[in-house]
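These are the residues of each chain, in order.
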Amino acid sequence: MKTKVLMVCLGNICRSPLAEGILQDKVDPEKVFVDSAGTGGYHIGKSPDPRSITVAHNHGLNIEKQRCRQFQKSDFEKFDVIYAMDRSNLNNILSLANTPEDAKKVKLLLAEVELPVIEVPDPYWDDNGFEKVFQLIDTACTSIAKKL
Ligand code: 4NP
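- As annotated in an unreviewed UniProt entry, the protein is protein-tyrosine-phosphatase from Zobellia barbeyronii.
- Word for word, the UniProt comment on the protein under Sequence similarities (unreviewed entry) is "Belongs to the low molecular weight phosphotyrosine protein phosphatase family."

Encoded structure:
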């Protein structure tokens, strides 16, 4: 059975598409399934933000084929681990949990690493924030991939 990991942010166009692409690149696809979703429903069906596509491309990753979807309660059954990019995402996901088992699956992505920050900042309003976001997610995913 594959381990199934879900990356979640607010819009599913900036941070979690990067997290999906970055972790996918570090794991064996035969063993690990990675997906992403947003707690909000603003951009359903859309491609990732062009700035995320560019920063991924700069690091040799192609995330263009991803399409935005909204987090659903059924994701608690489908996934083994659900990583939230920030505390707001975490709380929004937890508010949809039906059982303690659901809630136990939800973690902050940066809780996997020892960094001075615990949240991946929302880069939507900051054109210069995308490289930093990439680096934070990449550091966490390196650690996650080693443990999977
Ligand atoms: P994300 O960034 O949560 O990293 O995908 C955002 C994208 C869009 C919006 C907010 C955050 N928005 O308000 O539309």
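1. Quick notes on the overall build of the protein
Item 1. Secondary structure assignment for the protein yields 6 helices and 4 strands.
Item 2. Listing every helix and strand of the protein by position from the N terminus yields β-α-β-α-α-β-α-α-β-α.
Item 3. Against the compact-globule benchmark of 15 Å for 148 residues, the protein has a radius of gyration of 14 Å, which places it among compact chains.
Item 4. When the backbone C-alpha atoms are referred to their principal axes, the protein occupies close to 40 × 30 × 30 Å.
Item 5. Here the protein holds 148 residues, and 49% of them are scored as buried.
Item 6. Intrachain contacts of the protein at a sequence separation of at least 6 include 73% that bridge at least 24 residues.
Item 7. With an accessible surface of roughly 7800 Å², the protein has 51% of that area assigned to carbon and sulfur atoms.
Item 8. Counting 19 positive and 21 negative side-chain charges, the protein places the averaged centre of each group 3 Å from the other.

2. Focus on helix α1 (residues 15–26)
Item 1. Its 12 residues place the ends of α1 17 Å apart at the C-alpha level, agreeing with the 16 Å of an ideal helix rising 1.5 Å per residue.
Item 2. Of all 12 residues in α1, 9 are buried, a share of seventy percent or more.
Item 3. Looking at the packing, one finds that the buried side of α1 touches β1 (3–9), β2 (32–38), α2 (50–58), α4 (87–94) and α6 (130–147).

3. Notes on the sheet that holds strand β3 (residues 81–84)
Backbone-to-backbone hydrogen bonds pair the strands of a sheet. The strands run either parallel or antiparallel.
Item 1. Strand order in this open sheet of 4 strands is β2-β1-β3-β4, and the pairing throughout is parallel. One side of each edge strand has no neighbouring strand; the edge strands of this open sheet are β2 and β4 (106–108). In this sheet, neighbouring strand axes are inclined to one another by 25° on average, regardless of whether the strands run parallel or antiparallel.
Item 2. In the sheet, β1 pairs with β2 via 7 bridges, with the strands oriented parallel. Bridging from a neighbouring strand, methionine 7 pairs with serine 36 of β2.

4. Some remarks on the UniProt feature "domain: Phosphotyrosine protein phosphatase I" (unreviewed entry) in the protein
Item 1. Summarizing the sequence annotation, UniProt attributes the feature "domain: Phosphotyrosine protein phosphatase I" (unreviewed entry) to residues 3–147 in the numbering used throughout.
Item 2. The distance from the first to the last C-alpha atom of residues 3–147 is 11 Å, and the span holds 39% helix and 14% strand.

5. A few points about the site of the ligand
Item 1. Looking at the ligand, the residues that line it are Cys9, Leu10, Gly11, Asn12, Ile13, Cys14, Arg15, His43, Asp122 and Tyr124.
Item 2. In the environment of the ligand, an oxygen atom lies 2.8 Å from a nitrogen or oxygen atom belonging to the backbone of glycine 11.
Item 3. Here the ligand loses 90% of its free accessible area of 350 Å² to cover by the protein chains.
Item 4. The residue inventory of the shell around the ligand, partitioned by class, reads 5 nonpolar, 3 polar and 2 charged.

What counts, and where the lines are drawn
- Residues numbered from 1 in each chain as written.
- Predicted model: local features only at pLDDT ≥ 70, side-chain atom pairs only at ≥ 80, totals over all residues.
- Heavy atoms only, no water.
- UniProt positions renumbered as here; feature names shortened; annotations may be inferred.
- Helix = DSSP H or I, 4+ residues; strand = E, 2+ residues; numbered from the N terminus.
- Rg over C-alpha atoms; globule rule 2.2 N^0.38 Å.
- Buried < 20%, exposed > 50% of the residue type's maximum accessible area, 1.4 Å probe, protein only.
- Contact = heavy atoms within 4.5 Å.
- Areas by Shrake-Rupley, 256 points an atom, 1.4 Å probe, with all protein chains shown as cover.
- Lys, Arg positive; Asp, Glu negative; His and termini not counted.
- Charge placed at Lys NZ, Arg CZ, Asp CG, Glu CD.
- Expected span 1.5 Å × (residues − 1).
- Pairing = 2+ DSSP bridges.
- Axes fitted to C-alpha atoms, helices over the stretch in contact; angles between N-to-C directions.
- Near = heavy atom within 4 Å.
- Polar contact = N/O pair within 3.5 Å; in protein donor to acceptor, adjacent residues only side chain to side chain.
- Nonpolar A, V, L, I, M, F, W, Y, C, P; charged D, E, K, R; others polar.

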